[in-house]
Each structure stands twice: as C-alpha cells, then as structure tokens.
Amino acid sequence: MVTSDVCGECGAAAGLTCGGCGNIKYCDKDHQRRHWKIHKNECRPIKEIDSTQFGRYMVATRDIERGQLLMKESPYLVGPTATSDLICLTCHGPVLDNNIHFCPGCKWPLCCKECVGSSTHAEECTILASDKKGIGPPKGPGANPRYDLILVIRALLLREKDSKGWSMVESLANHTEQRMRDKEPHHMAAVRFCSEMIEPSFEADLVHKVHGAIITNCINTHGARGETLRCLYPTIPRLNHSCQPNVTLRSDDDNVLFVRAAVDIKKGEPLVFNYNSALDPVWQRQSELENIYYFTCVCGRCSDPTEMGTHFSSPRCPDCKKGGYIEPIDGPDKPWKCSKCSKERDATELIREAEEAVADIEEKKEINPKYAQKMMDKYTDLYHSTHYVWSKAATSVLRHLRGISGRGSLTLRRDLQQGILKLLDIFEPGYTRRRGVTLYEAAVVEISAARSDHAAKRLLNVELMDAHEKALEMLDESVTILGLEPPHSTEVVWLERARVTRKTVEDSLTALKNKMNLEKEQIMAIVNKNNPGVVKIKPVTGES
Ligand SMILES: C[S@@+](CC[C@H](N)C(=O)[O-])C[C@H]1O[C@@H](n2cnc3c(N)ncnc32)[C@H](O)[C@@H]1O
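Basis of the calculations
- Residues numbered from 1 in each chain as written.
- Predicted model: local features only at pLDDT ≥ 70, side-chain atom pairs only at ≥ 80, totals over all residues.
- Pairing = 2+ DSSP bridges.
- Helix = DSSP H or I, 4+ residues; strand = E, 2+ residues; numbered from the N terminus.
- Axes fitted to C-alpha atoms, helices over the stretch in contact; angles between N-to-C directions.
- Expected span 1.5 Å × (residues − 1).
- Buried ≥ 20, exposed ≤ 12 C-beta atoms within 10 Å, placed from the backbone.
- Arc of directions from axis to C-beta.
- Contact = placed C-beta atoms within 7 Å.
- Near = placed C-beta within 6 Å.
- Nonpolar A, V, L, I, M, F, W, Y, C, P; charged D, E, K, R; others polar.
- Domains from an automatic or database assignment.
- Core = buried A, V, L, I, M, F, W, Y, C linked by C-beta atoms within 7 Å.

1. Here's the deal with the sheet that holds strand β16 (residues 336–338)
- Taken in spatial order, the 3 strands line up as β15-β16-β17 in an open sheet, and their pairing is antiparallel. A strand with exactly one partner marks an edge of an open sheet, and here the two such strands are β15 (326–327) and β17 (344–345).
- Here β16 pairs with β17 via 2 bridges, running antiparallel. In the strand pairing of β17, Trp336 is matched with Arg345.

2. As for the sheet that holds strand β10 (residues 228–232)
- On the basis of which strands lie adjacent, the open sheet formed by 3 strands has the order β6-β10-β9 and antiparallel pairing. With one partner strand each, in any of the chains shown, β6 (77–80) and β9 (219–222) form the two edges of the open sheet. Across the sheet, the axes of successive neighbouring strands diverge by a mean angle of 35°, strand direction being ignored.
- Summarising the sheet, β9 and β10 pair through 4 bridges and their orientation is antiparallel. Across the sheet, residue His222 finds its bridge partner in β10, namely Thr228.

3. Side note on helix α11 (residues 347–363)
- Compared with an ideal rise of 1.5 Å per residue, which puts 17 residues at 24 Å, α11 spans 24 Å between its outermost C-alpha atoms and is within 8% of the ideal.
- The set of residues buried in α11 consists of Leu350, Ala354 and Ala357. The arc that holds the buried residues of α11, viewed along the axis, is 55°, so those residues lie on one side. Exposed and facing more than 90 degrees away from the buried side of α11 are Thr348, Glu349, Arg352, Glu356, Ala359, Glu362 and Glu363.
- Those residues of α11 that are buried are in contact with β15, β16, β17 and α13 (388–401).

4. Observations concerning the site of the ligand
- By nearness alone, 17 residues border the ligand, and Gly55, Arg56, Ala173, Asn240 and Tyr293 come closest of all.
- Breaking the shell around the ligand down by element, the ones donating at least two residues are β4 (55–60), α8 (204–217) and β11 (240–241).
- Broken down by element, the shell around the ligand gets its largest block of residues, 3 residues, from β4.
- Here the residues of the shell around the ligand are counted per class, giving 8 nonpolar, 7 polar and 2 charged.

5. What to know about the domain arrangement of the chain
- Domain annotation of the chain identifies domain 1 (77–232) and domain 2 (352–513).
- Of note, the centres of domain 1 and domain 2, computed from C-alpha atoms alone, are 40 Å apart.

6. Notes on the nonpolar core
- Val152, Cys194, Leu271 and Ala443 are the most contacted members of the largest nonpolar core, which has 83 residues in total.
- With 9 residues, the single largest contributor to this core is helix α15 (residues 433–455).
- Three or more residues apiece are contributed to this core by two domains, here domain 1 (77–232) and domain 2 (352–513).
- Counting 26 residues, the second largest nonpolar core, distinct from the first, contains Trp336, Ala372, Val389 and Leu424.

7. What to know about helix α14 (residues 407–427)
- Helix length check: α14 (21 residues) gives 30 Å between terminal C-alpha atoms against 30 Å at 1.5 Å per residue, within 8%.
- Among all positions in α14, only Ser409, Leu410, Leu412, Arg413, Leu416, Gln417, Ile420, Leu423, Leu424 and Phe427 are buried. Taken down its axis, α14 places every buried residue within 160° of arc, on the same side.
- On its buried face, α14 is in contact with α12 (369–382), α13 and α15.

Structure representation (structure tokens):
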C-alpha cells in the first residue's frame with residue numbers, strides 16, 4: 001500500500017516507487033538511496049491491496065523463495081481465549097488447581113502473590129469487580145468461556161489510553177452487521193456483559209464491533225508453558241485465507257509472530273494462510289469460514305470436488321462398479337453425486353456417516369497392530385486412502401502403535417506415515433511445521449522397520465542402506481523446516497530430536513558402508529587366493 005504520494009526522504013512530490021515493497025515513493029534515486037538506512041527495516045516484499053470480493057489483502061511485490069521471513073510482529077493485545085483453562089490475568093501463566101490466588105479485588109484467579117499485587121491487572125480488575133449481576137470469575141479448571149470477556153475489555157480500554165492501538169482495532173474487519181443479525185450466543189454474552197453488567201459500561205454498538213474484530217482477526221498462540229492465548233497484531237490480520245496456503249504463521253514464547261513463505265511465491269500472488277486445519281473436510285472448513293468469517297472459500301481446493309485428486313471429503317460410491325466417488329459437485333450443501341454413475345446422495349447423510357466413523361475411531365482406547373490393520377482395511381474399502389476418515393484413522397493408529405516395535409506395527413506405521421506425508425505434500429506443502437515433524441517421524445519408523453527386517457534376514461544389506469539414505473533425505477528436510485521455527489519456542493525440542501536422529505542415521509550408514517566394503521575386500525581376497533595367476537580383482541573404492 002503506497003501510503004503517500006510524497007518523497008519518503010524530503011516530502012516533495014514524488015513519482016518513483018520503491019521496487020522492493022511498492023509501499024513508498026521518492027522524488028529521485030538519490031533520495032531513495034539516502035532513505036534506505038531507515039526504509040530497509042520496513043521494506044518487505046509485500047503490499048496491501050483492496051478488492052470488493054476479498055476485502056484488503058496482501059500480495060507479493062517480488063518473487064519470494066520458500067522459507068523467507070516476510071513479517072515478524074509483536075502483538076499489541078494479548079489475552080486468554082474462550083476455551084482457556086485457568087490462566088493468570090497478569091502474566092498469562094497457567095493457574096494450578098492446587099495453588100489458586102484469587103485477586104482480592106475482582107476474585108478472578110491469578111497464579112502467585114506477585115501477580116496479585118501487579119499494576120498490570122489493576123485497570124481491568126476495577127471493571128471486573130464492578131460485575132453486579134454476579135457472572136463471577138471462573139472457579140475451577142477446564143475450558144472456561146468467561147475468559148472470552150477479558151480481551152474485549154482490554155481492547156475497549158485502548159480507546160481512552162492508546163489512540164494508536166485503538167485505531168488498529170477500529171481498522172479491523174468485524175462483520176458487525178452479520179453478527180448483530182445472527183446473535184451468536186458467545187458474541188451476545190460478551191455484548192451484554194460489557195454494555196449492561198459492568199461500570200463503566202460500554203455502548204453496545206461498540207462492543208459488537210470490538211468483539212467482532214477480535215473473533216475475525218485474533219491469532220491463537222501458545223505461551224511458554226503451553227497455555228492457550230489469542231493475540232491481535234498490527235498488520236498480520238490483513239492476510240486472507242486459502243485452503244491452499246502459501247505462508248505459515250508461527251509464534252514464539254513471547255507471542256512474537258513470524259510469517260514465512262512455505263513455498264516459492266510469484267510476484268503478484270496473494271499471501272494466504274489457512275484459517276482452519278488443512279486436515280478438515282470441506283463441510284467443516286466451509287461452515288467455520290461462513291459462521292466465523294462470513295465468506296465462502298473459492299480456492300482451488302474448495303472449487304475442485306475431488307480436492308486436488310485426494311477425494312478428501314467424498315466416499316467411494318457403493319453402488320457403482322466404475323470406481324466413482326460421491327462428490328459435492330454443486331457445493332457441500334446440495335445433494336452429492338457419483339462422479340461416474342451420477343447417483344445422488346443426501347449431503348447431511350454422507351457427512352453424518354463420515355463423522356460417525358471419526359467418532360468411532362476417536363473412541364477407541366486401545367488398538368493392537370492386528371486390529372489396526374483390519375480397521376485401516378475397512379476404511380480403505382469405504383474411502384480413498386487420502387480421505388478425511390482415512391487420515392483420522394491413520395493418525396489414531398500411529399498414536400496407539402507408537403513404541404510397539406513388532407513387524408506388523410512397524411510396517412503399518414511406515415505405510416501410514418508415508419500416506420500422511422502424501423496428504424501434507426498436497427494440502428500443506430513446503431516448509432510447514434507439520435511436514436517437518438511428520439518427516440522426522442516417518443524417518444524414525446523407516447529406519448526401525450528396515451533394521452527389524454534386516455535383523456530377521458528379510459532385508460539385504462544394500463536394502464538397509466537404501467532405507468538409511470531415504471531416512472537421511474527426510475531428516476535433512478525435517479531439520480531445514482524445523483530450523484525455521486521461532487528460536488524462543490517449544491518447537492526447538494523437535495529440531496533437536498531431528499538433528500540427533502540425523503547424526504545417528506548418518507553414523508550408522510557410514511558404519512554399514514564400511515562393513516560392506518570390508519566384507520567385499522575379504523571375499524575378493526579369498527577369490528584372488530583361490531585363483532592364482534588370474535588378474536587380481538580389487539574392491540570397488542570410493543563407496544565409504
Ligand atoms: C483477518 S481478516 C483478513 C483481512 C480482511 N480481508 C480485511 O479487509 O481486513 C478476515 C476477513 O477477510 C475476508 N476474507 C479472508 N479470506 C477471504 C477469502 N479467501 N475470500 C473472501 N474473503 C476473505 C473475510 O471477510 C474475513 O472475515
């Protein structure tokens with residue numbers, strides 16, 4: 001977004017736009033050069049544009065390479081979410097059930113004596129304490145919807161004390177009209193509380209707007225001790241959504257948010273991230289986007305009934321012998337149709353069947369390898385092996401069989417990890433955290449399965465070496481991806497694991513190659529000894 005038509009250095013009329021970001025103008029090259037020492041800190045390959053269909057959004061102003069850091073921002077507001085467990089309103093650390101310090105003013109739980117006396121909490125404490133209708137603070141552990149109110153109050157307080165912060169809140173998309181029309185219970189509860197139950201109260205229209213802005217723009221993060229938080233950032237909320245994302249958002253322990261290119265991005269392409277989970281089916285993605293963000297996603301994945309060839313949301317057609325899938329050809333709400341025989345099925349019924357299968361999978365307390373194989377066979381009969389139900393079953397089996405090292409378990413886990421990787425390559429491609437972790441896990445099981453087969457004489461030395469090479473390739477990529485995680489975050493644990501495993505696999509591959517070379521030398525020595533006079537055979541060199 002070019003913020004002004006005047007020179008960034010001298011303020012005169014300017015016609016030369018910065019080629020790096022397109023966001024600032026200069027009157028000539030000399031002034032552009034002079035201004036660089038200031039501008040280099042804000043020259044990002046991004047600009048904001050506006051459209052009637054997509055609102056404001058960010059696009060790349062030049063070609064961007066995957067992995068590149070595009071934005072790094074600290075939040076101007078942090079608070080608990082509507083599903084936070086007991087959390088301290090002063091430091092945002094967890095409040096332990098056996099060590100609750102209720103604030104003497106508002107009676108909301110804090111984590112320690114120091115936090116009770118802190119001035120950080122003072123202003124909202126007075127407001128919370130004025131709650132005459134006795135909505136009251138959360139009392140026990142577990143997700144607590146009352147925490148939804150805290151960030152709303154904090155945002156409302158900006159109006160009086162921080163004009164810059166307040167203008168940021170005011171500038172955010174909020175869908176106030178739709179929210180007033182829909183009267184979603186949590187939204188209405190926040191509006192009632194802030195406009196009727198506290199002193200000083202806030203105008204209802206203002207609370208609708210602020211709560212709407214929070215719901216539409218907050219990014220959920222995790223604090224250093226795993227607590228769930230949500231934050232408002234200055235410019236990151238201008239990133240639009242796509243189920244085919246090209247950037248990733250990762251936060252560190254201080255809620256600093258890093259936006260990176262997950263894949264190579266061409267100049268002019270919108271920068272988009274996934275507001276949902278990549279492994280949600282189309283009906284869930286669309287209903288969340290409609291209910292929370294008030295739009296229908298028309299990305300390449302959503303517009304393709306096969307979801308990029310994965311059949312992620314569509315079951316196999318049980319009646320058709322032609323290998324068809326029952327797809328949301330006219331949209332997820334209309335009757336779904338078989339791609340081959342055109343037979344129609346009611347959308348609600350198909351969704352119910354898939355959700356029941358998932359509930360059944362998630363209910364299982366224990367799964368042994370034999371049962372796991374049977375379960376996967378059953379779901380592969382009904383669904384494609386990149387379907388949502390398949391992915392839920394695969395994830396569950398991988399969790400249950402972790403640490404079980406028999407052949408059945410290892411072979412199945414290896415296949416399932418590869419299946420999950422295939423899905424992520426399509427839906428969350430490039431340098432994304434989940435791919436990084438999955439590559440690590442796939443490498444570990446690849447090596448374990450190969451070693452077990454080798455020990456049982458089912459695998460040749462060269463095949464064992466191949467498995468090592470394959471695992472090393474996966475670990476190399478995993479280390480690269482996880483190395484991009486914010487430095488002060490709990491994710492460094494995964495990076496360390498991937499690095500240590502990579503070194504172990506590399507050492508073991510070297511030892512394997514040396515052993516094979518030695519064996520070759522010994523065999524050749526015997527061959528040469530038994531064939532005197534014949535030209536001597538030498539071992540192949542350069543292999544170790
Ligand atoms: C976090 S804001 C993104 C910035 C927003 N476009 C703006 O103008 O401020 C989320 C809102 O942007 C719009 N939006 C995001 N992604 C979209 C998409 N793929 N298609 C249409 N609208 C989208 C929706 O109105 C959504 O509620």
